[in-house]
Amino acid sequence: MSQPFAQNSQMKKRVSVLVFLKGTTAPLVLYVDNPLALYDEFSQILRFNSPNPKLIEKSTLGPIKKVSILSSQICAVALQEEQYL
């Protein structure tokens, strides 16, 4: 008798950083080695919204390999935990 799919697979978890930009509906989903540090960095940018925008460049591990964002365009940031095989 076969076992249910969930018992046969080894589900893993990963955390991504979601960056919401002004004027867009879908967030950028960024996979990095240390998602909490990146989340904290973007949170600091939101907290201390400087009148002089800075260009933020990050290398990532997922389908997006490198991203450049103007600090003035970030309106929200979130951590997302997802399961995968």
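For the structure itself, consult the block above.
What counts, and where the lines are drawn
- Residues numbered from 1 in each chain as written.
- Predicted model: local features only at pLDDT ≥ 70, side-chain atom pairs only at ≥ 80, totals over all residues.
- Heavy atoms only, no water.
- Buried < 20%, exposed > 50% of the residue type's maximum accessible area, 1.4 Å probe, protein only.
- Helix = DSSP H or I, 4+ residues; strand = E, 2+ residues; numbered from the N terminus.
- Pairing = 2+ DSSP bridges.
- Core = buried A, V, L, I, M, F, W, Y, C linked by side-chain atoms within 4.5 Å.
- Contact = heavy atoms within 4.5 Å.
- Expected span 1.5 Å × (residues − 1).
- Arc of directions from axis to C-beta.
- Salt bridge = Lys/Arg side-chain N within 4 Å of Asp/Glu carboxyl O.

This part is about the pairing of strand β4 (residues 66-70). Residues V67 and I69 point to one face of β4 and are all buried, whereas K66, S68 and L70, pointing to the other face, are not buried. Pairing of strand β3 (residues 55-59) with β4, which is carried by five bridges, proceeds in the antiparallel orientation. The partner of S59 across the bridge, within β4, is K66. Remark: six residues form the turn of the hairpin made by β3 and β4, two consecutive strands paired antiparallel.

Let's shift gears to the nonpolar core. Ranked by internal contacts, the top residues of the largest apolar core, which has 13 residues, are V17, V19, L30, L38, F42, I69 and I74. Among the elements of the structure, β1 (12-21), α2 (35-47), β4 and β5 (74-84) are those that each provide at least two residues to this core. Setting aside chain neighbours within four positions, we find I69 in contact with V19, L21, L28, F42, K54, L55, I56 and I74.

Turning next to α2. Over its 13 residues, α2 runs 18 Å from end to end, which matches the ideal 18 Å to within 8%, given 1.5 Å per residue. Looking at α2, one finds that the buried residues are P35, L38, F42, S43 and I45. Around the axis of α2, the buried residues are gathered within 155 degrees of arc, so they sit on the same side. In this structure, the buried residues of α2 make contact with β1, β2 (28-30), β3, β4 and β5.

Side chains that differ in charge, positive against negative, can pair when their charged atoms come close. Per the counting criterion, the structure on display carries three salt bridges. Across the pair K13 and E81 runs a salt bridge, and its minimum N-O distance is 3.6 Å. With K13 in strand β1 and E81 in strand β5, this pair connects stretches of sequence that are 68 residues apart. Exposure class is identical for K13 and E81. Each is exposed. Here E82 makes a salt bridge to R14, at a shortest N to O gap of 3.0 Å. One end of the pair, E82, is in strand β5; the other, R14, is in strand β1, with 68 residues separating them in the sequence. Taking the relative accessible area as the measure of exposure, R14 reaches 35% and is therefore partly exposed.

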